[in-house]
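Structural overview
Residues per chain are reported as follows:
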Amino acid sequence: MVLRWSGHGGRSVGRLRLPGGAVFDQPVNLSRLMARYVLTGLIALVIIAVFTAWASRSLGTRAAIDSANRRATLTAHAAVEPMLDNGIITGDPQAMNRLDRIVRDQVLKGSLIRVKIWDTDGTILYSDENRLIGRKFDLQEDEQTALRTGETEAGLSDLSEPENQYEEPATELLEVYLPVNTQQGHKLLFEAYFRYSGITEAGRQLWLQFAPFSLGALVLLELLQVPLVLSLARRLRRTQYQREDLLRNALEATQEERRRIAGDLHDGVVQDLAGVAFSLGAAARKPDRDPEDAAAVRAAADQVRDGVRSLRSLMVEIYPPNLYDEGLEAALSDLLARLEPRGIETSLRVDAPLDTLDMDAIQLLYRAAQEGVRNVVAHADATKVSIAVYSDRDSVVLDVSDDGRGLPGPDLPQKPGHLGLRALGGLAATMGASLTLSSTPGKGTVLALEMPTP
């Protein structure tokens, strides 16, 4: 199991992840935030542009197809149908020539490039492509639907069909079908072919007309939001700096309070209790003292002396004087010395240039070692503990390792009312350091603090 708390150098609130999901955020980086905002805006703009293009062209294509339907209907009923009589069914040359002249002079214009007139049995009675006249093909379902319902049907032409053998293979065509009647009332099928490129071009033109307004509005909206984003980012960064300053002030106040409490204990209650122990010892040695009373007095003196030793140990924990007077190595040596009476073998190695670190960093290294040793005593059941302080690239690393039973699960060792590693992780992240706790059940635990050097 590995738990990690990390921070960043410089003026940084850092980032701290705790079990349960609590997170302390990194400070706002304006350039990174703006780059992320611009990138997000560009991605959104591209997505909206693609969707707008697709929607516009789809709508334009649909509108162009509807226009082709209307043109085919108008052409069939206004220009072609009045020229139809039963002579076209029998192949009368005059009827055919009259119809052909109308088609070529008035119908075949623009994107409309082909006209066919079908009999209900699938025979092509007329086409401007003369080679198709008189040939018979099976009517497709949409053609039969147009004859049956009397409605206009449209769709892309299948150029592989035999009826389209004379069309250019590379040219997409849109077919429009609708029923017409001869002057004698015989039902026929009118078919008009439109170049599909003209249909899609209409859709593209609609998109080109619509795109500058929609995309321009989106770009303008994003540009208008830039000052607001910058303002919010600066406000958030100021808030984070204020939080950092408050936390630093709180830590300094805490350190000062530790120093005051340690001084009060040393100059007050510890001295008083030491005097009581001395007086009790002297009283127990009086020759006329009853033996039982003397034993009770000696026991009371021993208890008071034990209390004085406990208070002095507590004073060292609260405010280790040798950390400030003699340095980190001496303080760590004294910290490990408290484990030797418990039968725990200890080792200390300091190979880092500590003179490059300020007192806040030294205090953090000591607090990390103190927390690691405290957890070993309380939870590890270890026989060996080692502390190493060494340089690693641009950092000073402190390792506290033991050969104890390790952590059985993801939960941190914690006593009610104490933050322990969580508070240490928060302090490390605040100062730009990273704290890692690595543990394997039955194989010990390693607490590592990496502190960047200036």
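Heads up: the structure comes first, above all this text.
Right, let's walk through the structure included here. (Residues numbered from 1 in each chain as written. Predicted model: local features only at pLDDT ≥ 70, side-chain atom pairs only at ≥ 80, totals over all residues. Heavy atoms only, no water.)

1. Points about the sheet that holds strand β5 (residues 124–127)
Across the sheet, five strands lie side by side as β5-β4-β8-β7-β6; this open sheet has antiparallel pairing. The open sheet has two edge strands with one neighbour each: β5 and β6 (153–156). Pairs of neighbouring strands in the sheet enclose a mean axial angle of 20 degrees, with direction left out of account. Examined bridge by bridge, strand β4 (residues 112–118) and β5 share three bridges and lie antiparallel to one another. When the bridges of β5 are listed, W118 appears paired with I124. (Pairing = 2+ DSSP bridges. Helix = DSSP H or I, 4+ residues; strand = E, 2+ residues; numbered from the N terminus. Axes fitted to C-alpha atoms, helices over the stretch in contact; angles between N-to-C directions.)

2. A short note on unusual backbone geometry
For R393, which is not glycine, the phi dihedral falls at a positive 55 degrees. One can find R393 in the loop between β10 (384–392) and β11 (395–402). You can call R393 exposed: its relative accessible area is 72%. (Buried < 20%, exposed > 50% of the residue type's maximum accessible area, 1.4 Å probe, protein only.)

3. Overview of the side chain of E167
Of note, E167 is situated in the loop between β6 and β7 (173–181). Excluding its chain neighbours within four sequence positions, the residues that come into contact with E167 are R114, L159 and L173. (Contact = heavy atoms within 4.5 Å.)

4. Quick notes on the packing of helix α9 (residues 328–337) against helix α10 (residues 359–380)
Packing of α9 against α10 leaves a shortest axis separation of 11 Å and a crossing angle of 10 degrees. With respect to their mutual orientation, α9 and α10 come out roughly parallel. Together, L328, A331, L332, L335 and L336 of α9 and I362, L365, Y366, A369, Q370 and V373 of α10 make up the contact between the two elements. Taken together, the residues of the contact of α9 with α10 sort by class into 10 nonpolar, one polar and no charged. (Parallel < 35°, antiparallel > 145°, perpendicular 65-115°, else oblique. Nonpolar A, V, L, I, M, F, W, Y, C, P; charged D, E, K, R; others polar.)

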